[in-house]
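Here's the letter readout for the chains.
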Amino acid sequence: MKNAMWKRAGVALSATAVIVGVAGCQDDGGDKKAADKPAKAQAQGPEDTSKVIQTAYKKTSAAKSAKVRMTMEMPAAAGGGGTLEMTGVQGWDPAVMDITYKGAMLDGGDGTGPKEMRMIMRDNVMYMDMGAAQAAEMDGKRWMKMDLKALTDAAGGGDKGLGKSMTGGLENMNQDPAQQLALLLQSPDLKHVGAEKVDGVETQHYKGTLTLDQMLAANKSFEAFSEEERTKMVEGVKKAGVTAYDTQVWVGEDGYPVRMDVGVKTKEGSMKMAAHYSDYGTKSDVQAPPAKDTVDFMEMLQEMGQG
């Protein structure tokens, strides 16, 4: 199999991890008794600012799905960098997705990569459309199937090491954009920026920043790990050069986020993600491709190992 194909699969996996919020915090969003007032009706003092974000958290969680349009920018030092665009439908109860990727990052470096790639996820299984050219090398099967449970088991099971880490990631996948709002609520400098129009919608703009230590402290999923495991994971994050986590959100008059920007600062530069949401509660009837059109990623790895 060409290296280009592996690279495109890796890009899609990385982007998928971002969009489903694998690294998001597991906070409950703060005070559940906050009044469900639209953003425009709130006074913009610190207490009311928190209430707006709390309300957006609750409403977004209850919606369970939305249409999404996202742009992700990687610094040039991180594997060549570039921009990746994603559009489609995301559901978080249950966790499903039907997303189309576009951007130069999909190219494997030889100029033969597809201009876009579709990715489907449901029942903890991801399917990536690798394109007609790659299908010709896989007996006409253009969809690569990646069973996340099988990958977890292959990594050592769900109770130790990498397997445990992956299991935690699978549990965290059932998330929605509200998890970023929950993290934003932990910011000591959460503030209201002002009124702005986004995508033709009147919104109120909020932002906050967390240092690496504050972000790790707010991430409840770390409680599942031993002190030694947490120490190693934190050391790994610091070695990667992550220093801060910035979040901005634009909340519409109906209380739903219209846009959410996330920036992760690293020693290589900043990774930026800008997500635009609409049609909350939209139908997310995601169907897997026919089995006859899929090739199993784990089986491919096993065949390579035997060779």
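Our structure is the block above this text.
Residues numbered from 1 in each chain as written. Predicted model: local features only at pLDDT ≥ 70, side-chain atom pairs only at ≥ 80, totals over all residues. Heavy atoms only, no water.

**So, the side chain of histidine 276**
Then, number 1: With respect to the helices, strands and loops of the structure, histidine 276 is situated in strand S11 (residues 269–278).
Then, number 2: Only 2.8 Å separates the side chain of histidine 276 from the side chain of aspartate 199, close enough to count as a polar contact.
Then, number 3: Among residues more than four places away in sequence, those in contact with histidine 276 are Lys67, Val68, Arg69, Val198, Asp199, Val258 and Arg259. (Helix = DSSP H or I, 4+ residues; strand = E, 2+ residues; numbered from the N terminus. Polar contact = N/O pair within 3.5 Å; in protein donor to acceptor, adjacent residues only side chain to side chain. Contact = heavy atoms within 4.5 Å.)

**A few points about the pairing of strand S6 (residues 143–147)**
Then, number 1: Summarising the sheet, strand S5 (residues 125–129) and S6 pair through five bridges and their orientation is antiparallel. The residue bridging methionine 128 from the neighbouring strand is methionine 144, located in S6.
Then, number 2: Where S6 and strand S12 (residues 294–296) come together, three bridges link them in parallel fashion. Note on S12: the bridge partner recorded for methionine 144 is valine 295. (Pairing = 2+ DSSP bridges.)

**What about the environment of arginine 118?**
Then, number 1: Note that arginine 118 resides in strand S4 (residues 116–122).
Then, number 2: Residues arginine 118 and methionine 130, twelve residues apart in the sequence, show an inter-C-alpha distance of 8.2 Å.
Then, number 3: Contacts of arginine 118, omitting those with residues within four sequence positions, involve Asp98, Ile99, Thr100, Tyr127, Met128, Asp129 and Trp143.
Then, number 4: Separated by 2.8 Å, the side chains of arginine 118 and aspartate 98 make a polar contact.

**Some points on the nonpolar core**
Then, number 1: Within the largest apolar cluster, 55 residues are counted, with the highest numbers of intra-cluster contacts made by Ile53, Met119, Met128, Met144, Leu181, Val249 and Tyr277.
Then, number 2: The contact partners of tyrosine 277, leaving out residues within four places of it in the chain, are Ala66, Lys67, Val68, Met70, Gln90, Pro177, Pro257, Val258 and Met260.
Then, number 3: In terms of nonpolar packing, the next biggest core, distinct from the first, is built from six residues, Val96, Val125, Tyr127 and Trp143 among them. (Core = buried A, V, L, I, M, F, W, Y, C linked by side-chain atoms within 4.5 Å. Buried < 20%, exposed > 50% of the residue type's maximum accessible area, 1.4 Å probe, protein only.)

**Brief notes about the environment of lysine 67**
Then, number 1: Of note, lysine 67 is situated in strand S1 (residues 65–74).
Then, number 2: Through-space distance from the C-alpha of lysine 67 to that of glycine 88 is 5.8 Å; in sequence the pair is 21 residues apart.

**Quick notes on the packing of aromatic side chains**
Then, number 1: Inspection of every chain in the model, using the stated rule, returns two aromatic pairs.
Then, number 2: When the ring of tyrosine 256 is compared with that of tyrosine 280, the centres are 4.6 Å apart and the planes differ by 20 degrees; the resulting orientation is stacked. Residue tyrosine 256 is found in the loop between strand S9 (244–252) and strand S10 (257–266), and its partner tyrosine 280 is found in the loop between S11 and S12; the two are separated by 24 residues along the sequence.
Then, number 3: Here the aromatic rings of tyrosine 277 and tyrosine 280 are separated by 6.4 Å at their centres, their planes lie at 35 degrees, and the arrangement is tilted.
Then, number 4: Under the relative-accessibility criterion, tyrosine 280 is labelled buried at 19%.
Then, number 5: Taken together, Tyr256, Tyr277 and Tyr280 form an aromatic cluster joined through their ring pairs.
Then, number 6: The ring of tryptophan 250 carries the charged tip of arginine 259 above its face, separated from the ring centre by 4.8 Å. (Phe/Tyr/Trp six-rings, centres within 6.5 Å; stacked < 30°, edge-to-face > 60°. Lys NZ or Arg CZ within 6 Å of the ring centre and 35° of its normal.)

**Brief notes about unusual backbone geometry**
Then, number 1: Residues other than glycine seldom take positive phi values, yet lysine 64 does so here, at roughly 70 degrees.
Then, number 2: On the accessibility criterion, lysine 64 (39% relative accessible area) is partly exposed.
Then, number 3: Here aspartate 199, not a glycine, exhibits a phi torsion of approximately 55 degrees, which is positive.
Then, number 4: Looking at the element boundaries, aspartate 199 is found in the loop between strand S7 (191–198) and strand S8 (201–211).
Then, number 5: Residue classification places aspartate 199 among the partly exposed residues on the basis of a relative accessible area of 46%.

**Quick word on the sheet that holds S4**
Then, number 1: Reading across from one edge, S7-S8-S9-S10-S11-S1-S2-S3-S4-S5-S6-S12 is the order of the twelve strands in this open sheet, with mixed pairing throughout. Edge positions in the sheet fall to S7 and S12, since each has one partner strand and no second. Neighbouring strand axes in the sheet, compared pairwise and without regard to direction, differ in orientation by 20 degrees on average.
Then, number 2: Note that S7 and S8 share seven bridges and pair antiparallel. (Axes fitted to C-alpha atoms, helices over the stretch in contact; angles between N-to-C directions.)

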